[in-house]
Protein chains: 2
Amino acid sequence: MNILIVHAHPEPQSFTTALKDHSIQALKDLGHHVEVSDLYEMDFNPVASKADFHSRGNPEYLNYALEQRHSSKAHTLTEDIQVEVEKVQRADLLILNFPMYWTSMPAILKGWIDRVFVSGIFYGGKRFYNHGGMVGKKAMLSFTLGGREHMFGDHAIHGSIEDLLLPIQRGTLAYAGFEVLPPFVAYHVPYISNEARQQMLVDYQQHLSNLENLKALEFPKLEQFDDKLYPLPKG
Amino acid sequence: MNILIVHAHPEPQSFTTALKDHSIQALKDLGHHVEVSDLYEMDFNPVASKADFHSRGNPEYLNYALEQRHSSKAHTLTEDIQVEVEKVQRADLLILNFPMYWTSMPAILKGWIDRVFVSGIFYGGKRFYNHGGMVGKKAMLSFTLGGREHMFGDHAIHGSIEDLLLPIQRGTLAYAGFEVLPPFVAYHVPYISNEARQQMLVDYQQHLSNLENLKALEFPKLEQFDDKLYPLPKG
C-alpha cells in the first residue's frame, strides 16, 4: 500500500513522534511505501482564508467551500494545499498521528483538514459517506493522551472515546468516503514508565502488521436515507 | 455581565459575522459590557509551540501543558496569549461564534483554545469540571452550518449535534469549569433566503435576551467519582 502519515507534534523527541518514526520503519518493513507530512516541521499554515486561492469564482465574497470547488477545477489552489491533496490522492491509507489536545486534534492538524479536504475533490453534492471522494481509501487515527483508559467509556468521567472522536472519524474521514480503521490509542503517556512506552511501540507495530484484518468502523450509507436525507425504514 | 465574544470567520460580510455584530449590539442594549476577539482580523496564531513561552521550565524537551503551567506562574506567556487569558478572566460569559468546519471549530478557533486555555489557570491537578479554573463563568456556542436540522439527530445521517459538540462543550468548556448554556445553531445558512436569515438574527436576539433563564447543559461532577476517577455508585 501507499501510506500517508500526517504527523502533528511540536516536540521532535516526544513519544507521539516516536510512534510516527517507528510506524514509518514498521510499515516499510512490511513492504509498504510511506510518505510523511510532518506539519510542525513543514511550518504548515492551518488557517483557511482567501489567500488559499490564486483565482476566485467570486472575488467580492468568500464562501470558502465554493472557492475550493472553483479552484480545484481551475487548478488555482495554492501550492501548499495542492501538494497535500496529491499526497492523499496517492495514498491507499491515511494515518493521522497526533497528541489529543482538548479531546480533539491540535489546531495545526485541524487546519490541514480544513484546507486540504477540498470541496469538489473530497466531497460535493451527493458525494459523501460511502459515495465520498475518497471511497476505496482507508484512514486511521494514532494518538496519545494524558488520561487513563478507565476515564473513558459510557459511564466514565470523560465519556466514550468513540463519541469524542465522532467529529474526526464520522464527520470528517467517513464523510469524505474513507473506510475508517479502529484507532491506535496510547493512554496516560506522560506518566508511564519507559518500559510501558516501549511496549506501546510494540503494540502499535502489531496493530500495523494486522491492518488487513482490522474491521472498519460502521458509519452511515447513503442508501439508508431518501433523497432529502431522511432515514428510510429499515429492512 | 462582562461578555467576551470570540469570533472566527474569514469573510467580514458573512452571516456568521452578522451574528457576531448583531449580538454585540443586542447585548449592549441589554446593558452588558462586551469585548470581542475577532481572530481573523487579529491574524491570531493558532499553532501551539515552544515560541509561546518567554522562559522554559525545561528548555530541552517541550511538554506544552507543563510549560503553560511554568509560564503562567512565571508570567512569561507571550503577550498574544496573555491578553486573551485576561479577556476570559474578565468575562462572566464566553461566546464562541463560528462556522462549523468538519463538524467542529475552524482551526484558528481550535488554536485559540489550545494556546489560551492555559494549564495552571484553566485546569490542573484535580481542578476540572465543576472544580475547573473557570468555575462561576458561563460559556455558549453560536454557530452556522450548511446542513438542515433534520440531518442531525440520533437516527439522522450525521448523528446528534450534541454528540458532535462533545469535544467542545464537554471536553473543553465544561472541563475548564464553565457552565455551558444551550448553543444557538443556525442551520442551512448558505441556502436559505435573506428573510429566513433576518428571522435567525431575531431568534438569536431572543436567545440572548433570555440568557438568565437558559438551563445549563449537564456534565459530570467530580463528586460522582472516586479519587482515581472511577465512577461512584449512584444514590
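The name given to chain A in an unreviewed UniProt entry is Flavodoxin family protein, with the source organism recorded as Acinetobacter wuhouensis. In its Sequence similarities (unreviewed entry) section, the UniProt record describing chain A reads: "Belongs to the NAD(P)H dehydrogenase (quinone) family."

Enquirer: Is there a simple way to explain the overall build of chain A in this structure?
Expert: For chain A, the count of helices and strands is eight helices and six strands. Relative to the globule expectation of 18 Å for 235 residues, the C-alpha radius of gyration of chain A, 19 Å, shows essentially globular dimensions. Judged by the C-alpha coordinates and their principal axes, chain A covers about 55 × 50 × 35 Å. Excluding contacts between residues fewer than 6 apart, the proportion of contacts in chain A whose partners are at least 24 apart in sequence is 73%. Of the roughly 10,300 Å² of accessible surface on chain A, 50% is carried by carbon and sulfur atoms. Charged side chains of chain A number 21 positive and 28 negative; the gap between the two group centres comes to 6 Å.

Enquirer: What exactly am I supposed to notice about the nonpolar core here?
Expert: As a rule of thumb, nonpolar side chains are buried together in soluble globular proteins. Grouped together as the largest cluster of nonpolar side chains are 118 residues, with contacts concentrated most on Leu96, Trp112 and Phe122 of chain A together with Leu96, Trp112, Phe117 and Phe122 of chain B. Ignoring anything within four residues of it in the chain, the contact list for Phe117 of chain B reads Trp102 of chain A together with Gln68, Leu94, Trp112, Phe122, Tyr123, Thr172, Leu173, Ala176 and Phe178 of chain B. Membership of the second largest hydrophobic core comes to 23 residues, among which are Ile3, Ile24, Ala26 and Tyr204 of chain A.

Enquirer: Sorry if this is basic, but what is going on with the relation of the copies chain B and chain A here?
Expert: Note on the chain copies: they are related by a rotation about an axis and a translation along it. Each copy superposes on the other: chain B lies on chain A with an RMSD of 0.0 Å after a rotation of 180° and an axial shift of 0.0 Å. Given the turn and translation reported, the copies of this chain are related as if by a two-fold rotation axis. Across chain B, the rotation axis passes nearest the C-alpha of Ala107 of chain B, at a separation of 2.4 Å. Comparing contact sets, 100% of the residues at the interface of chain B also lie at the interface in chain A, consistent with an isologous, same-surface contact.

Enquirer: Help me understand the interface of chain B and chain A in this model?
Expert: It is common to give the size of an interface as the accessible area lost on bringing the parts into contact. Facing the 54 residues of chain B at the interface are 54 residues of chain A. Taking both sides of the interface into account, the surface hidden between chain B and chain A amounts to around 4,400 Å²; carbon and sulfur atoms contribute 65%. Among the residues chain B hides against chain A, the three largest losses belong to Trp102, His150 and Ile157 of chain B. Together they make up 19% of the total. Taken together, chain B and chain A are joined by zero salt bridges. Summed over the shared surface of chain B and chain A, the result is 26 residue pairs in polar contact (both at pLDDT 80 or more). Residue assignment for the side of chain B that touches chain A shows that the elements contributing at least two residues are helix H5 (107-116), helix H6 (161-164) and helix H7 (166-174) of chain B. Of all the elements, H5 of chain B adds the most residues to the side of chain B that touches chain A, at six residues. Of the residues contributing to the side of chain B that touches chain A, the split by class is 34 nonpolar, 13 polar and seven charged.

Enquirer: I tried to follow the environment of Pro220 of chain A on my own but got confused; where do I start?
Expert: Here Pro220 of chain A is to be found in the segment after helix H8 (194-209). For Pro220 of chain A, a relative accessible area of 11% corresponds to the buried category. When sequence neighbours within four positions are dropped, the list of residues in contact with Pro220 of chain A reads Tyr129, Asn130, Arg170 and Phe225 of chain A together with Ile157 of chain B.

Enquirer: Is there a simple way to think about the UniProt feature "domain: Flavodoxin-like fold" (unreviewed entry) in chain A in this case?
Expert: Per the UniProt record, "domain: Flavodoxin-like fold" (unreviewed entry) is annotated on residues 1-208 of chain A. The distance separating the terminal C-alpha atoms of residues 1-208 of chain A is 12 Å; by composition the span is 38% helix and 15% strand.

Enquirer: How should I be thinking about helix H7 (residues 166-174) of chain A in this particular structure?
Expert: Helical geometry note: an α-helix holds 3.6 residues per turn, so side chains three or four residues apart project in the same direction. Of all the nine residues making up H7 of chain A, nine are buried; the element is thus mostly covered by neighbouring parts of the structure. The set of residues buried in H7 of chain A consists of Leu166, Pro167, Ile168, Gln169, Arg170, Gly171, Thr172, Leu173 and Ala174 of chain A.

Enquirer: Explanation requested: the pattern of salt bridges in the structure shown.
Expert: Any two side chains of opposite charge can pair, so long as their charged atoms come close to each other. All names here are of chain A. Enumeration according to the criterion identifies 16 salt bridges over all chains in this entry. A salt bridge links Arg56 to Glu67; its shortest N-O distance comes to 3.7 Å. Of this pair, Arg56 sits in the loop between helix H2 (39-42) and helix H3 (64-74) while Glu67 sits in helix H3, and the two are eleven residues apart along the sequence. A relative accessible area of 3% places Glu67 in the buried class. Here Glu84 and Lys87 are joined by a salt bridge, their closest N and O atoms 3.0 Å apart. Linking Glu84 with Lys87, this pair stays in helix H4 (residues 79-90), spanning three residues, or about one helical turn. Of the residues examined, Glu84 reaches a relative accessible area of 1% and is grouped as buried. In the salt-bridge network here, residues are joined through shared partners; they are Lys20, Asp21 and Asp38.

Procedures and definitions
- Residues numbered from 1 in each chain as written.
- Chains lettered and ligands numbered in written order.
- Predicted model: local features only at pLDDT ≥ 70, side-chain atom pairs only at ≥ 80, totals over all residues.
- Heavy atoms only, no water.
- UniProt positions renumbered as here; feature names shortened; annotations may be inferred.
- Helix = DSSP H or I, 4+ residues; strand = E, 2+ residues; numbered from the N terminus.
- Rg over C-alpha atoms; globule rule 2.2 N^0.38 Å.
- Contact = heavy atoms within 4.5 Å.
- Areas by Shrake-Rupley, 256 points an atom, 1.4 Å probe, with all protein chains shown as cover.
- Lys, Arg positive; Asp, Glu negative; His and termini not counted.
- Charge placed at Lys NZ, Arg CZ, Asp CG, Glu CD.
- Core = buried A, V, L, I, M, F, W, Y, C linked by side-chain atoms within 4.5 Å.
- Buried < 20%, exposed > 50% of the residue type's maximum accessible area, 1.4 Å probe, protein only.
- Least-squares fit on C-alpha atoms with pLDDT ≥ 70 in both.
- Buried area = accessible area lost by both parts, 1.4 Å probe.
- Salt bridge = Lys/Arg side-chain N within 4 Å of Asp/Glu carboxyl O.
- Polar contact = N/O pair within 3.5 Å; in protein donor to acceptor, adjacent residues only side chain to side chain.
- Nonpolar A, V, L, I, M, F, W, Y, C, P; charged D, E, K, R; others polar.

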